[in-house]
Amino acid sequence: MTVSKGKLLNQLAKLLPEGLLVDSVWLKRKGYSAQLQNLYVKSGWLEQPARGVFRRPRGALSWQQVVISLQTILNYSPLVVGGRTSLELQGYAHYLPQSTTRVHLYGPKAPPNWVQKLPLPVKFVYHNDRRLFKNEPVAKGISSVRWNVETGKMLDVTAFRGGDVAQLNWGQWDWPLTLSTPERAVFELLDELPNNESFEQVDALLGGLANLRPDRLQKLLQDCVSVKVKRLFFYFADRHEHAWLKRLNKETVDLGHGKRMLVRGGVLDPTYQITVPGDLDGVR
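Residues numbered from 1 in each chain as written. Predicted model: local features only at pLDDT ≥ 70, side-chain atom pairs only at ≥ 80, totals over all residues. Heavy atoms only, no water.

**Some points on the overall build of the protein**
Now for step 1: Looking only at helices and strands, one finds nine helices and 13 strands in the protein.
Now for step 2: Within the span of the protein, comprising 284 residues, buried residues form 51% of the whole.
Now for step 3: Intrachain contacts of the protein at a sequence separation of at least 6 include 62% that bridge at least 24 residues.
Now for step 4: For the protein, the accessible area works out to roughly 13,600 Å², and carbon and sulfur atoms hold 48% of it. (Helix = DSSP H or I, 4+ residues; strand = E, 2+ residues; numbered from the N terminus. Buried < 20%, exposed > 50% of the residue type's maximum accessible area, 1.4 Å probe, protein only. Contact = heavy atoms within 4.5 Å. Areas by Shrake-Rupley, 256 points an atom, 1.4 Å probe, with all protein chains shown as cover.)

Quick look at the structure:
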């Protein structure tokens with residue numbers, strides 16, 4: 001029995017990198033009973049930051065470790081860091097107020113409930129990306145975020161439903177953190193208007209994004225199912241007269257019909273039939 005437990009412990013050292021998280025279901029599936037899990041916690045080999053959640057000790061727990069664990073070991077894929085959070089991580093925070101209390105996650109499957117019970121100063125906000133982008137994956141599908149735990153290498157980082165994702169290497173061990181590219185993150189941010197983001201902040205952000213890739217934008221526009229988001233995208237792109245706008249084929253984009261009231265008492269933009277704040281109207 002002692003030899004068997006020793007082998008299991010050595011195996012877990014290979015399967016579970018220090019600092020990353022797994023749940024009790026994952027451990028049981030790998031052959032670790034509830035009794036053995038408790039033994040590892042008592043011995044200090046595992047930490048239990050929340051009920052039914054375990055990690056090998058390595059410094060303070062961070063939200064990045066949580067997301068990497070979901071994206072890789074626990075196979076909540078494709079689940080990506082998106083919207084405002086993605087833009088901040090990729091260096092666009094100087095256009096937006098710093099926000100360290102909300103981490104926006106996008107994917108077809110919600111993360112487990114225990115992520116909100118972890119001792120972290122952030123709240124994870126889940127968005128079902130199927131309400132924003134078409135249901136069909138546009139390229140490699142879910143395999144594009146799989147990580148080989150044994151070799152520590154990403155199998156493939158290519159494209160998702162609604163456009164490409166980027167990979168940032170985080171932490172001392174360069175763990176892969178998968179997130180929306182700036183192009184896709186802009187669409188996700190626009191979807192938060194007007195209830196959870198302000199027109200002024202989005203306007204400042206879009207004004208500084210002069211180097212977006214038109215091929216990615218075209219793909220996103222064709223894959224996006226939200227008329228509101230697509231109209232807002234063109235509204236802000238026209239407003240700031242970005243060079244990449246000339247390389248987009250607007251004729252192939254379905255902008256729907258009828259008016260969209262986004263701001264009560266706002267001004268109607270005649271081109272895209274959306275109401276916007278009066279202090280933004282007419283500035284081209």
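**Some details on the environment of Tyr106**
Now for step 1: Its place among the elements puts Tyr106 in strand β5 (residues 102-107).
Now for step 2: Each C-alpha atom, one on Tyr106 and one on Leu179, is 9.0 Å from the other, the two residues being 73 residues apart in sequence.
Now for step 3: In contact with Tyr106, other than residues within four places in its own chain, are Pro78, Leu79, Val80, Gly82, Gly83, His127, Asp129, Arg184, Glu188 and Glu192.

**Topic: the environment of Lys30**
Now for step 1: Mapped onto the elements, Lys30 comes out in the loop between α2 (24-29) and α3 (34-43).
Now for step 2: With a relative accessible area of 34%, Lys30 lands in the partly exposed category.
Now for step 3: When neighbours within four sequence positions are excluded, Lys30 is seen to be in contact with Gln11 and Leu15.

**A look at helix α5 (residues 83-92)**
Owing to its 3.6 residues per turn, the α-helix brings residues three or four apart onto one side.
Now for step 1: Among the residues of α5, those classed as buried are Gly83, Arg84, Thr85, Ser86, Leu87 and Glu88.
Now for step 2: Looking at the packing, one finds that the buried side of α5 touches α4 (63-71), β4 (80-81), β5, β11 (175-180), α6 (182-190) and α7 (199-207).

**Description of unusual backbone geometry**
Now for step 1: Residue Pro194 is reached from Leu193 by a cis peptide bond, and omega for that bond is -5°.
Now for step 2: One can find Pro194 in the loop between α6 and α7.
Now for step 3: Despite not being glycine, Glu241 shows a phi value in the positive range, around 50°.
Now for step 4: Mapped onto the elements of the fold, Glu241 is located in the loop between α9 (227-240) and β12 (267-269).
Now for step 5: Notably, Gln273 is not glycine yet its phi reads approximately 55°, a positive angle.
Now for step 6: Relative to the helices and strands, Gln273 is located in the loop between β12 and β13 (274-276).
Now for step 7: Looking at Gln273, the relative accessible area reads 25%, which means it is partly exposed.

**Describing the packing of α6 against helix α8 (residues 214-223)**
Now for step 1: The N-to-C vectors of α6 and α8 enclose an angle of 35°; their axes lie 9 Å apart at closest approach. At the point where α6 passes α8, the crossing takes the right-handed sense. For the pair α6 and α8, the contacting residues are Glu183, Arg184 and Phe187 in the first and Arg216, Leu217, Leu220 and Leu221 in the second.
Now for step 2: Across the contact of α6 with α8, the residue classes tally to four nonpolar, no polar and three charged. (Axes fitted to C-alpha atoms, helices over the stretch in contact; angles between N-to-C directions. Left-handed = near helix turned anticlockwise from the far one by under 90°. Nonpolar A, V, L, I, M, F, W, Y, C, P; charged D, E, K, R; others polar.)

**Quick notes on the nonpolar core**
As a rule of thumb, soluble globular proteins bury nonpolar side chains together.
Now for step 1: Trp63, Val66, Leu118 and Phe124 are the most contacted members of the largest nonpolar core, which totals 39 residues.
Now for step 2: Contributions of two or more residues to this core are made by α1 (2-15), β1 (21-23), α2, α3, β3 (53-55), α4, β5 and β11.
Now for step 3: It is α4 that provides the largest number of residues to this core, a total of five residues.
Now for step 4: Setting aside residues no more than four positions away along its own chain, Leu118 makes contact with Leu21, Pro49, Ala50, Val53, Leu61 and Val66.
Now for step 5: Of all hydrophobic cores here, the second largest spans 36 residues; its members include Leu132, Leu190, Phe199 and Leu245. (Core = buried A, V, L, I, M, F, W, Y, C linked by side-chain atoms within 4.5 Å.)

**Examining the sheet that holds β1**
Now for step 1: Pairing is antiparallel across the open sheet formed by three strands, whose spatial order is β1-β3-β2. Every interior strand has two partners, whereas the edge strands, β1 and β2 (47-50), have only one. Neighbour-to-neighbour, the strand axes of the sheet open up by a mean angle of 40°, direction not taken into account. (Pairing = 2+ DSSP bridges.)

**Brief notes about the pairing of β5**
Now for step 1: Along β5, five of the six residues are buried, which leaves the element largely enclosed by surrounding structure.
Now for step 2: Across two bridges, the pairing between β4 and β5 is antiparallel. The residue bridging Val80 from the neighbouring strand is Tyr106, located in β5.
Now for step 3: Where β5 and strand β6 (residues 123-128) come together, six bridges link them in parallel fashion. Bridge assignment links Leu105 to a residue of β6, and that residue is Tyr126.

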